[in-house]
Amino acid sequence: MKPVSLGTKIAAFVLSVSLTNVNAQTTDALHVPSPDWREQIIYFVMLDRFNDGDAGNNNQGAGEYDPKRNSHYSGGDIPGLTNKISYIKNLGATAVWITPPVANQWWSPSVQYSGYHGYWAENLMAVDKHYGSLGDMQNLSRRLHGQGMYLVQDIVVNHMGNYFSYDPKHWNAQNPAQGYKSEAAPGPSQQPFNRNDARDPAQAREAIYHWTPDIRDFTDPTQEHDWQMAGLDDINTENPRVREALRRSYGYWIREAGVDAFRVDTAFYVPQDYFRDFLYAEDPEQPGILRVAEATGRRNFHVFGEGFGIDKPFEETQSRKIESFVRSAEGQPLMPAMINFPLYGTGIDIFAKGHPTREMRHRIEAMMRVHESPHLMPSFVDNHDVDRFLANGSASALQQNLLLIMTLPGIPVIYYGTEQGLTEQRGAMFKTGFGSGGKDRFDENAPLYRTLQTMTALRKSNKVFTHGQPTVLKDSATGAGVLVYRMRHGKEDAMVLFNTADSPHLLENLATGRPAGSLWRTAYTLTPFASTLAVGGNGRLSAVLPPRAGIVLVPANGAAAKPTAAAALRIDPLPETVEGDTLEVRGRNGNAEPFQLAINDDLAQAVTVTPAADGRWQARLPIDSLAESREPHHVVAWQESRASASETRTFHIRRSWQTLLEYADPRGDDRGRSGVLRYPSDPSFGENHQGDIEHLSVQRAGNTLRVVLRLRSMTQFWNPPNGFDHVAVTAFLQLPEHAGGSTLMPQQNGSLPGGMRWHYRLRTHGWSNAWFSAEGADAANEGRISSPGAQVIANAEARTLTITVPAKALGNPASLSGIRLYLNTWDYDGGYRGLSPEGGGMIFGGDRTNGIKVLDETDVLVLP
């Protein structure tokens, strides 16, 4: 069959990108009716980092402006965003979400960081001077409405800036003045939030704030709701005076600035029932937000909350917590939706890390079962609080994840710069801003920009993607591979096919529910693929999916010519459990033509078999690279000449872990190679010594490698999804008798000890882990993202990280013997944390010479 040309398909979709949303408002009015939010595509902008339209407002004289540093303001503003509306619209987005435009705390002395991001409010009813004016906000709203687009504003109801703190050693819940410390002056200028000094008995009694220290236990509901999150002053949302002030503050932006929707920051840290008041209050003076919006003609004002909860594979705990902010236990409506963090987490796992696609089957099914309105939940692949996808995954994996959120229920969100291939978490799009690389990033011919244009056009072309219901038809239980789901809406029908592996995989015997000979047309593809597929004589469909395929099929008219008779490919039953490095397989086919025998559908590792004249055959398959798993592995026979696949036969692998070496590291040597490094001065570091390595155990099972690392302490101050924070572990592996590699430790300002050269590298911390090969690595570049990667499991009680590296991640070596291994510790926050002679609240200190970012390190270890 003739492959579809990707270039032709891009051109076709770009041509149709403007033929969308025919019911959109095209007036420059400040107030317009709400859209159907299920049909929107949101572009998320961090105001300070997007575009600088007025250089005159960049520096407000508080020492807060320095575009060379991520911690400072860069200069982006509202006029700059307004100037780029056409760029955003041409991408296919229909709404723009902006970080909070409100007046912020410009500089926090204690953490040496600025409020450029917008989440440290000083006045909730004023535009920050760095961003512009109320008139600029109104102009942005009118201009968006004039293009049939909508404005989403980020809001915060949990906290203000970092104006006071408590020393937990001296804090007394019964005496708010005890342990109180003023962090910055002046404080908030807005009533009643300026009543923030607990040393004044009158202000303490008013209880505008919770007089509490930082959260220490995120599993304690009282701490989660009432204590400070990351040092930010926690607002007392149970106080009626506070509730009225918040309704007044945010109702203002709807009335005066023409905002069409709100995203609510840190929703988990506010009691769920607060949102009944915030959205539905009947106060005639300061009514609930949805009532304010309705008075402006917005009958479908959208409000979606942020709940940073990522479920582990096959779990739903965080999903159910997220849903508790949409509907109360009594069935009362709260917020219309929450952001779909669990879908984000599973997307990273299967596309970037090579996890089994069965995890996505469960996530999709749980999403539809747990959430009342999944179509209203914003979905995303990266944002300002997590690493850029491309910092942990490949460009092809990114495209697959984007296609997933464009074809599943939910409102796709594109984080600014994703379409330009940015890797810096909060890098600027304009050339004078932080992390821009010294150039503007608004290239409408950039490959990812063009790809996203085709995807947004695809989503808009058929309501099956915006209103449809998914059914998962196929998945891979043991690793990267095939994922297929079907979308249906009324009479509309589509199938979405993925191969998450970097090798061709077989899609075998897919039951499509359509009769033999019926056709499926390729409506979209990320890789060259057949223009049509025919359902086989058995009513099933089999095909080879290219590496990193992302394909959308829709029913086609007509029928195929009489298909070639299916081959009778039969595999004899296999043992239930197998040990050792090889698997004996036998069978008998209905013909003597050669065929391929593959494990887990991976055709790159398939063995070609030629049967005897009577069709009998036998083969020996290598299985030393397979790991023990909960789900069985399987074998399938594939005869491409007849597009025919056998039924699969399953087996389990039994592995026993063998300890290869144990390594003890001295306690208290986490002071760097110079011996004088200091942790950041913030109390969450310091005496905890999260970077102090104590012990290392290296084990093998087959050719799977496992490293168990014990640290001096393991903390969770910032509720990290990976279960540990304030430390990053970087591991380097050198394969024996392999040429190439690198001696440099990317972004750590140093080289490996002992003349070691690395071929593979792991960087893991509380929010992500990434696996790299040394291709393209240098002092600044981390190398080439590789998949599958390592699995990392934290056990805070035991203070251990268990790092499991599958054989495929190492290129399926014949043996692990002779591998050289080296690990070190530091911390990571969108990059390896800063280091200076003086140090600071969030900066390591003490080094006045080489600036090597290593706290503690192992020797170079050689596996026996």
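Just so it is clear, the structure is predicted and the values come from calculations on it, not from any experiment.

J.: Provide a residue-level description of the overall build of the chain, including the pertinent values.
T.: If you tally the helices and strands in the chain, you get 16 helices and 47 strands. In terms of overall size, the chain behaves like a compact globule, its C-alpha atoms giving a radius of gyration of 28 Å where 864 residues would be expected to give roughly 29 Å. Each principal axis of the C-alpha distribution contributes one length, and for the chain these read about 95 × 65 × 50 Å. Here the chain, with 864 residues, has 60% of them falling under the buried criterion. Counted over contacts in the chain with a minimum sequence separation of 6, partners at least 24 positions apart contribute 70%. About 31600 Å² of surface is accessible on the chain, with carbon and sulfur atoms providing 47% of the total.

J.: So what's going on with the pattern of salt bridges? Residues and values would help.
T.: For the coordinates displayed, the defined rule picks out 47 salt bridges. K321 is paired through a salt bridge with E224; the nearest N and O atoms lie 2.6 Å apart. Separated by 97 residues along the polypeptide, K321 in helix α11 (residues 317-323) and E224 in helix α7 (residues 221-226) bring together distant segments of the chain. A relative accessible area of 25% means that K321 is categorised as partly exposed. A salt bridge links R763 to D387; the nearest nitrogen and oxygen atoms lie 3.7 Å apart. On the criterion of sequence distance, the pair formed by R763 in strand β39 (residues 760-765) and D387 in the loop between β14 (378-379) and α14 (395-407) is long-range, its members being 376 residues apart. Three or more residues joined by partner-sharing salt bridges are found here, namely R358, R361, E365, D475, R630 and E631.

J.: Pulling in residues and values, what's your account of helix α15 (residues 447-461)?
T.: In a regular helix each residue adds 1.5 Å, so 15 residues correspond to 21 Å; α15 covers 21 Å between its end C-alpha atoms and thus fits that length. Residues L448, Y449, T451, L452, Q453, T454, M455, T456, A457, L458 and R459 constitute the buried set of α15.

J.: Describe the packing of α14 against α15, listing the residues and the values that go with them.
T.: Following both chains from N to C, one finds α14 and α15 inclined at 20 degrees, their axes separated by 9 Å at the closest point. Compared by their axis directions, α14 and α15 come out roughly parallel. Remark: the crossing between α14 and α15 carries right-handed chirality. Note on element contacts: α15 touches α14 through L448, T451, L452, M455, T456, L458 and R459, opposite L398, Q399, L402, L403, I405, M406 and T407. Here the contact of α14 with α15 is built from residues that sort into nine nonpolar, four polar and one charged.

J.: Which residues make up the environment of Y43, and what are the values?
T.: Mapped onto the secondary structure, Y43 falls in strand β2 (residues 42-45). Looking at Y43, the relative accessible area reads 0%, which means it is buried. As for Y43 and Y415, which are separated by 372 residues in sequence, their C-alpha atoms are 6.0 Å apart.

J.: Residue-level account of the sheet that holds strand β3 (residues 95-98), with values.
T.: As summarised here, the arrangement of the eight strands in space is β13-β12-β11-β8-β3-β2-β15-β14, forming an open sheet in which the pairing is parallel. Two strands close off the open sheet at either side, each with one partner strand: β13 (337-338) and β14. Of the pairings in the sheet, the one linking β3 to strand β8 (residues 150-156) comprises four bridges and is parallel in character. Its bridge partner being in β8, V96 is matched across the sheet by L151. Of the strands in this sheet, β8 and β11 (261-265) touch helix α8 (residues 240-257), which is tilted by about 160 degrees from β8.

J.: Outline the packing of helix α12 (residues 341-352) against helix α13 (residues 358-370), supporting the account with residue identities and numerical values.
T.: Remark: α12 packs on α13, axes separated minimally by 9 Å, with the N-to-C direction vectors making an angle of 165 degrees. Viewed along their axes, α12 and α13 adopt a mutual orientation that is roughly antiparallel. The crossing of α12 and α13 is left-handed. Side by side, α12 and α13 meet where P342, L343, T346, G347, D349 and I350 of the first sit next to E359, M360, R363 and M367 of the second.

J.: Give a description of the pairing of strand β43 (residues 800-805) that names residues and reports values.
T.: Side-chain direction in a regular strand flips from residue to residue, so the side chains alternate between the two faces of the sheet. The buried fraction of β43 amounts to five of the six residues, a majority that puts the element mostly inside the structure. The pairing of strand β35 (residues 704-711) with β43 spans six bridges and is antiparallel. Its bridge partner being in β43, R710 is matched across the sheet by T800. As paired elements, strand β42 (residues 791-795) and β43 share five bridges and run antiparallel to each other. Pairing of A794 across the sheet is with L801, part of β43. Between the antiparallel neighbours β42 and β43 lie four residues, among them R799 with a positive phi of about 60 degrees.

J.: Give me the lowdown on the side chain of N462, citing residues and values where you can.
T.: On the secondary structure map, N462 appears in the loop between α15 and α16 (464-467). One polar contact links the side chain of N462 to the main-chain amide nitrogen of V464, over a distance of 2.9 Å.

J.: Please give an account of the packing of aromatic side chains that cites residues and values.
T.: Inspection of every chain in the model, using the stated rule, returns 42 aromatic pairs. Judged by centre distance (5.3 Å) and plane angle (75 degrees), the ring pair of Y274 and F275 falls under edge-to-face. One aromatic cluster is present, formed by Y43, F44, F50, Y87, W97, F304, Y415, Y416, F442 and Y449 through successive ring pairs. Between R49 and the ring centre of Y116, over which it is positioned, the NZ or CZ distance is 3.9 Å. It is R630 that lies over the ring of F314; its NZ or CZ is 4.5 Å from the centre.

J.: Go over the sheet that holds β43, please, and point to the residues and values.
T.: Taken in spatial order, the five strands line up as β33-β34-β35-β43-β42 in an open sheet, and their pairing is antiparallel. Taken across any chain shown, the strands that pair with only one partner, and hence form the sheet edges, are β33 (658-664) and β42. Strand-to-strand twist of the sheet, defined as the mean angle between neighbouring strand axes without regard to direction, takes the value 15 degrees.

J.: Which residues make up the side chain of S379, and what values go with them?
T.: In this fold, S379 is placed in strand β14. Under the relative-accessibility criterion, S379 is labelled buried at 2%.

J.: An account of helix α5 (residues 134-146) is requested, with residue identities and associated values reported.
T.: The terminal C-alpha atoms of α5, which comprises 13 residues, lie 18 Å apart, in line with the 18 Å expected from a rise of 1.5 Å per residue. Every buried residue belonging to α5 is among M137, L140, S141, L144, H145 and G146, and all of these are buried. Downstream of α5 by a residue or two, G148 has a phi angle that is positive, lying close to 70 degrees.

J.: Describe unusual backbone geometry, naming the residues involved and giving the relevant values.
T.: Here the amide bond leading from Q191 into P192 is cis, since omega sits at -5 degrees, within 30 degrees of zero. The phi angle at N600 is positive, at roughly 55 degrees, despite the residue not being glycine. Since its relative accessible area comes to 11%, N600 is described here as buried. Phi at H689 is positive, roughly 50 degrees, even though this residue is not glycine. With respect to the secondary-structure elements, H689 resides in the loop between β33 and β34 (693-701).

J.: Any details on the environment of L621? Residues and values, ideally.
T.: With respect to the helices, strands and loops of the structure, L621 is situated in strand β29 (residues 616-622). L621 sits in the buried class, given a relative accessible area of 2%. Taking the C-alpha atoms as reference points, L621 and W771, separated by 150 residues in sequence, lie 28 Å from one another. Those residues in contact with L621, other than ones at most four positions away along the chain, are D581, T582, L583, V585, L597, I599, V607 and V635.

Thresholds, definitions, all that
Residues numbered from 1 in each chain as written. Predicted model: local features only at pLDDT ≥ 70, side-chain atom pairs only at ≥ 80, totals over all residues. Heavy atoms only, no water. Helix = DSSP H or I, 4+ residues; strand = E, 2+ residues; numbered from the N terminus. Rg over C-alpha atoms; globule rule 2.2 N^0.38 Å. Buried < 20%, exposed > 50% of the residue type's maximum accessible area, 1.4 Å probe, protein only. Contact = heavy atoms within 4.5 Å. Areas by Shrake-Rupley, 256 points an atom, 1.4 Å probe, with all protein chains shown as cover. Salt bridge = Lys/Arg side-chain N within 4 Å of Asp/Glu carboxyl O. Expected span 1.5 Å × (residues − 1). Axes fitted to C-alpha atoms, helices over the stretch in contact; angles between N-to-C directions. Parallel < 35°, antiparallel > 145°, perpendicular 65-115°, else oblique. Left-handed = near helix turned anticlockwise from the far one by under 90°. Nonpolar A, V, L, I, M, F, W, Y, C, P; charged D, E, K, R; others polar. Pairing = 2+ DSSP bridges. Polar contact = N/O pair within 3.5 Å; in protein donor to acceptor, adjacent residues only side chain to side chain. Phe/Tyr/Trp six-rings, centres within 6.5 Å; stacked < 30°, edge-to-face > 60°. Lys NZ or Arg CZ within 6 Å of the ring centre and 35° of its normal.

Without other data, these values stay purely geometric and don't point to any function.
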